Amino acid sequence: MSAEFDGLVALVTGGASGIGLASALALEERGATVAVLDLNTEGLDARLHGFTADVSDRASVDAAVSAAAEKLGGIDIVVNNAGISAVGTVEENDDAEWARVLNINVIGMARVSAAAMPWLRQSEHAAIVNLCSIAALNGLPQRALYGASKGAVLALTYAMATDHVADGVRVNAVSPGTVSTPFVERMLQGFDDPVKERAALDARQATGRMVTPEEVAGAVAYLASPLSGSTTGTALEVDGGVAHLRVRK
Ligand code: NAD
């Protein structure tokens, strides 16, 4: 039986953990050959091809993207997932922290997309999926820098979708709510009472629980797949209803 991604090569940044790993496995299980570009690819699932790189460094990205394309025979799909958390108000994050986070969360996606574009242009099913966040839509407390970085990802998605529609490259975003990943665990450690904060996060979802990485991966797979061939320049929220529902509890 043929699968949705048979014959296609996907590159997933930050694919060694959390949402990226779940997305890489979802694409692989549906037939894709998957390259994972991450800071550390030691111990990576044997079904995935690891390429060690730092998305905040252009030379590192260019080398890893070329190596992946040459080894795996091109690139059809890019999942720009690598990203880091940032907690704080504008008074609490200094210039160095702003530069560090924007370099990874925003410029990293532009760098990887640019490096992959020559191969994407040659693909019959080219798609980019950017990991955004509902922090781009809602004013979450203590997320000035993180929210700004994800707002920029949304704008980048729309601009890239426009620029590359004539190249046959679709560009969409997935905006998760709070997902139970190592990223969230590290963020919780930044609060005085992580246990209380975790319970509050669950309670804040209209569904009463955090989103799972596999639920986000399902949306990534849909937007990467030929099944969404007429969808470009959109952001799909996978957020347990946080962005738009107002549920009485
Ligand atoms: P995670 O921390 O579990 O995994 C992130 C991965 O990215 C790690 O493997 C890490 O090594 C890699 N990475 C970090 N910096 C990198 C760099 N400079 N170069 C290469 N790789 C790098 O995170 P996660 O929760 O799975 O989040 C993944 C994405 O989803 C991020 O963009 C995040 O902003 C977004 N997101 C997460 C949530 C959530 O609640 N977890 C919600 C909304 C959006």
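Residues numbered from 1 in each chain as written. Predicted model: local features only at pLDDT ≥ 70, side-chain atom pairs only at ≥ 80, totals over all residues. Heavy atoms only, no water.

Asks: Tell me about the environment of Gly151, and name the residues and values.
Replies: With respect to the secondary-structure elements, Gly151 resides in helix 4 (residues 144-164). Residue class for Gly151 comes out partly exposed when judged on its relative accessible area of 29%. For the pair formed by Gly151 and Leu137, sequence separation is 14 residues and the distance between their alpha carbons is 7.4 Å. (Helix = DSSP H or I, 4+ residues; strand = E, 2+ residues; numbered from the N terminus. Buried < 20%, exposed > 50% of the residue type's maximum accessible area, 1.4 Å probe, protein only.)

Asks: I'd love a proper account of the nonpolar core, names of residues and values included.
Replies: Judged by nonpolar contacts, the single largest core of 34 residues is most densely connected at Leu11, Val65, Ile75, Val78, Leu120 and Ile128. Taken together, the elements giving at least two residues each to this core come down to strand 1 (9-13), strand 2 (33-38), helix 2 (58-72), helix 3 (95-121), strand 5 (126-131), helix 4 and strand 6 (169-176). With seven residues, helix 3 is the largest single contributor of residues to this core. For Ile128, the residues in contact, after removing those within four places along its chain, are Val78, Asn80, Ser113, Met117, Leu120, Met160, Val169, Arg170, Val171 and Asn172. If you look at the next biggest cluster of nonpolar residues, it comprises 27 residues, including Ala10, Leu25, Leu48 and Val174. (Core = buried A, V, L, I, M, F, W, Y, C linked by side-chain atoms within 4.5 Å. Contact = heavy atoms within 4.5 Å.)

Asks: How would you summarise a nonpolar patch on the surface if you had to cite specific residues and measurements?
Replies: On the surface, Tyr222, Leu227 and Leu236 cluster together into a nonpolar patch covering about 290 Å² of accessible area. For Leu236, the location among the structural elements is in strand 7 (residues 235-238). (Patch = residues over 30% accessible without salt bridge, like charges linked within 9 Å, V, L, I, M, F, W, Y side chains within 5 Å. Areas by Shrake-Rupley, 256 points an atom, 1.4 Å probe, with all protein chains shown as cover. Salt bridge = Lys/Arg side-chain N within 4 Å of Asp/Glu carboxyl O.)

Asks: I'd like a description of the pairing of strand 6, backed by residues and values.
Replies: Where burial is concerned, most of strand 6 is hidden: eight out of the eight residues are buried. Of the two faces of strand 6, the one lined by Val169, Val171, Ala173 and Ser175 and the one lined by Arg170, Asn172, Val174 and Pro176 are each fully buried. Regarding the hand of the β-α-β motif, the stretch spanning strand 5, helix 4 and strand 6 is right-handed. (Right-handed = clockwise from strand over helix to strand, strands pointing away.)

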